Amino acid sequence: MALAATLVAGLLHFSATYAQDTARYKGMTVNLDEVVVNAKRIGFDVNSFIKRVEEDTTFYRAFKNLRLLGFTADNDIRLYDKKGEIKASLKSETRQTMNGRCRSMEVLQEKTTGDFYNAKGTYNYYTAELYGNLFFTKGTVCADANGESADTDKGSMAKHKAQLKQLIFNPGKPVKGVPIVGPKVAIFDRDVMRFYDFAITATDYLGVPCYVFAATAKKDLSRINRADVVVNELITYFNKDNFEIVGRKYSLSYKTWVFDFNVQMDVQMTKKNDLLIPALVTYDGTWDVPFKKRETASFIAKFKLD
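Just so it is clear, the structure is predicted and the values come from calculations on it, not from any experiment.

Undergrad: Would you explain the overall build of the chain in this entry?
TA: Helix and strand content of the chain: 8 helices and 13 strands. Here the chain, with 306 residues, has 45% of them falling under the buried criterion. A separation of at least 24 residues holds for 56% of the contacts in the chain among residues at least 6 apart in sequence. Here the chain has roughly 16,100 Å² of accessible surface; of this, 51% comes from carbon and sulfur atoms.

Undergrad: Teacher, can you tell me more about the state of the cysteines here?
TA: Counted by the stated rule, this structure contains 1 disulfide. A sulfur-sulfur distance of 1.9 Å marks the disulfide that ties cysteine 102 to cysteine 142. Between cysteine 102 and cysteine 142, the disulfide has an S-S torsion of 95° and is therefore right-handed. In this pair, cysteine 102 sits in strand 5 (residues 102-114) while cysteine 142 sits in strand 6 (residues 140-142), placing the two residues 40 residues apart along the sequence. Take cysteine 142: its relative accessible area is 41%, and that puts it in the partly exposed class.

Undergrad: What is the right way to read the pairing of strand 11 (residues 260-272) from this model?
TA: Two faces make up the sheet, and in a regular strand the side chains alternate between them. Two strands pair when backbone bridges link them, and strand 10 (residues 245-255) and strand 11 are joined in this way by 9 bridges, in the antiparallel orientation. The residue of strand 11 that forms the bridge with glycine 247 is glutamine 268. The antiparallel pairing of strand 10 with strand 11 creates a hairpin that spans 4 residues between the two strands. In terms of strand pairing, strand 11 meets strand 12 (residues 275-288) through 13 bridges, oriented antiparallel. Of the residues in strand 12, the one forming a bridge with glutamine 268 is leucine 280.

Undergrad: Help me out: how do you make sense of helix 4 (residues 58-65) in this one?
TA: Of all the residues in helix 4, the buried ones are Phe59, Ala62, Phe63 and Asn65. Seen end-on, helix 4 carries its buried residues on one side only, within an arc spanning 155°.

Undergrad: Just checking my understanding: could you explain the side chain of threonine 94 for this structure?
TA: Along the chain, the position of threonine 94 falls in strand 4 (residues 86-99). Under the relative-accessibility criterion, threonine 94 is labelled buried at 3%. Among the polar contacts listed, one links the side chain of threonine 94 to the side chain of asparagine 75, at a separation of 3.3 Å. Not counting residues up to four positions away in its chain, the partners in contact with threonine 94 are Phe71, Thr72, Ala73, Asn75, Met105, Glu106, Val107, Leu108 and Phe136.

The rules behind these values
- Residues numbered from 1 in each chain as written.
- Predicted model: local features only at pLDDT ≥ 70, side-chain atom pairs only at ≥ 80, totals over all residues.
- Heavy atoms only, no water.
- Helix = DSSP H or I, 4+ residues; strand = E, 2+ residues; numbered from the N terminus.
- Buried < 20%, exposed > 50% of the residue type's maximum accessible area, 1.4 Å probe, protein only.
- Contact = heavy atoms within 4.5 Å.
- Areas by Shrake-Rupley, 256 points an atom, 1.4 Å probe, with all protein chains shown as cover.
- Disulfide = S-S within 2.5 Å.
- Pairing = 2+ DSSP bridges.
- Arc of directions from axis to C-beta.
- Polar contact = N/O pair within 3.5 Å; in protein donor to acceptor, adjacent residues only side chain to side chain.

And the structure:
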């Protein structure tokens, strides 16, 4: 038996129930390994799986779930100069405690170098500010059952942060309000999917049997088409038993005369109280946005649940 089979998702058999939903995948070529081909023979539905991948919101949701649980975190943030040397950094251990749906955070230990903080004691770097906004809590903050808190940060900067977080933590979905990049990350849209090779394979990841969905930018794209690619690679590991996300790896980049970025991330998931949350997040990236100096940074966030 061949080790891999190439199938066109739009030509696969699917029931009338899914016909309207899956018709949009017509023309998407999906490479299946031998394990997935065999699984298809006993009921694995490729179209339904792709639809599940496209509509998944649990990955972005998992980061918000951190606002609903107690945990201890190891935080390691590093900013680099043009020579690749560390010019500022933070290493800390924090503990988040819960009182009902209200959370507060204690800094157990912290060490900084360089100009990580400015003279006012606030973050001197955009990447650090984004990290703090996502993983740190000042004072006592209460959230609803979905982990949503009243947004005290207003204005265009707050909007840009929200868009940036969606771009980074929900790759593959269009980002509203971002006219240049927003539509280009929607890898399941017909105008965008033509730039990608798609595959569904099976493997063990972190000891869990998984189906793996991979979208990788085609290597033979012309320079003009390559300029339309934002998501270079998106690999997601789904638990075979319940299709929950176990991990995700991805690479995003884009360059214009106004701004550019190049980001790689690796996220490993775990569960607590039936909530999916990140256990380990690693990031390497560089950003050059209007009115800000270029930032090249890396961070590692490790979460230990109470």
